Amino acid sequence: MTRQRRRSLIKARRTGMGIALVATLSFIAGMTDAIGLRMSGDFVSFMTGNTTRAAMSLQAGNWGHALILLGAIATFVLGNAMGIVIAHRVDNRIFAVLAAVGATLAIASVMPTTDVPLIQFYLVVFAMGMINAAVEHIEGLPIGLTYVTGALSRFGRGIGRWLIGERKIDWTIQIVPWLGMLSGALCGAVVGAYMDYASLWIVAAIVTLLAFITMLMPRSLRHRYNQRVTIRKLPAP
């Protein structure tokens, strides 16, 4: 086997594992968003929608709902930040992030919904923010897990480039998060209709199971799907 052939096979394996992981994570995000929407009436991962709804609530004078949605957006941002901190403090990054997401969802699932529904809502939003740090790119191509508008845009632009003569097809990977989220949302809608709040337990269990499955990944891939962080120390005064 030539060196070039070996490199191609290794890259194909990395890409295949990355696609499978992204599809599963997007499925989880879509499932959680559908369940969260049924529970709270607002999105737990679709912050574009929450931004628009917050603006509409402000225009209508519904200050309470607008503040809840703005709080959800801030919580989502903090969840992303926490996910990055966890991912770059632990050797097995994907496992650590997913374990934290699973634990957060488990806490949310056991909270009494009649007493603290807002806290439960924010916990789920926080978890959906964290999950984005599990995978940030596949072979240099940016990947979004809980927001698929960008993925659809990149997919559409890829079609445009192909139509004018470019023959690279790596852009086709961008449809994976959308397909994962669509199937997950359908599953979440069905499960949520029958199990109501208990459906969060199912999501927490799926995330935790996936976290342990990722421990079977080769050590060389554990950092492969995250962006490198360069930490610059400030000069001493």
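I'd love a proper account of the confidence of the model for the protein, names of residues and values included.
As a general rule, the predicted coordinates of low-pLDDT regions are not to be interpreted in detail. Per-chain confidence: the protein averages 83 in pLDDT, with 84% of residues scoring 70 or above. Summarising per-element confidence for the protein, the mean pLDDT is lowest in strand β2 (residues 141-142) (67) and highest in helix α3 (residues 63-87) (93).

With reference to specific residues and values, describe helix α2 (residues 47-60).
Across its 14 residues, α2 extends 20 Å between first and last C-alpha, which sits within 8% of the 20 Å expected from 1.5 Å per residue. For α2, the full list of buried residues reads Met-47, Gly-49, Asn-50, Ala-54 and Ser-57. All buried residues of α2 fall inside an arc of 140° around its axis, so they share one side. The outward face of α2, more than 90 degrees from its buried face, is lined by the exposed residues Thr-48, Met-56 and Gln-59. Elements that come into contact with the buried residues of α2 comprise α3 and α5 (117-131). Two residues or fewer after α2 comes Gly-61, characterised by a positive phi angle close to 80°.

Lay out the packing of α3 against α5 with the relevant residues and their values.
Two elements in contact, α3 and α5, have axes separated by 7 Å at closest approach and are oriented at 40°. Taken together, α3 and α5 sit at an angle that is classed as oblique. Remark: the crossing between α3 and α5 carries right-handed chirality. Here α3 contributes Leu-67, Ile-68, Gly-71, Ala-72, Thr-75, Phe-76, Leu-78, Gly-79, Asn-80, Met-82, Gly-83 and Ile-86 to the contact with α5, which in turn contributes Leu-118, Phe-121, Tyr-122, Val-125, Phe-126, Met-128, Gly-129 and Met-130.

Hey, could you go over the environment of Met-130 for me, with residue numbers and the actual values?
With respect to the helices and strands, Met-130 occurs in helix α5. We classify Met-130 as buried; its relative accessible area is 2%. For the pair formed by Met-130 and Gly-79, sequence separation is 51 residues and the distance between their alpha carbons is 4.6 Å. Discounting residues that sit within four places of it in the chain, Met-130 has contacts with Gly-79, Asn-80, Met-82, Gly-83, Ile-86, Val-97, Ala-100, Val-101 and Thr-104.

Quick notes on the rules
- Counting restarts for each chain: residues are numbered from 1 in the order of the written sequence.
- For a predicted model such as this one, the threshold for reporting local features is a pLDDT of at least 70, and the threshold for listing and counting side-chain atom pairs is 80 or more; totals across whole chains, interfaces and linings nevertheless cover every residue.
- Based on all heavy atoms of the structure, the side-chain values leave hydrogens and waters out of the count.
- For every residue, the pLDDT score states the predictor's confidence, bounded by 0 at the bottom and 100 at the top.
- Helix and strand definitions follow DSSP, with helices as H or I runs of at least four residues and strands as E runs of at least two, each counted in order from the N terminus.
- To estimate how far a helix should extend, the number of its residues minus one is multiplied by 1.5 Å.
- Only protein chains enter the area calculation, which uses a 1.4 Å probe; residues under 20% of their type maximum are buried, those over 50% are exposed, and those in between are partly exposed.
- Along the arc lie the directions from the helix axis toward the C-beta atoms.
- Any two residues whose heavy atoms approach within 4.5 Å are treated as being in contact.
- Here an axis means a line fitted to C-alpha atoms, over the contact stretch when the element is a helix, while the angle between two N-to-C directions is reported on a 0 to 180 degree scale.
- In these notes the angle categories are as follows: under 35 degrees is roughly parallel, over 145 is roughly antiparallel, 65 to 115 is roughly perpendicular, and the rest is oblique.
- What makes a crossing left-handed is the near helix being turned counterclockwise from the far one by less than a right angle; a clockwise turn instead makes it right-handed.

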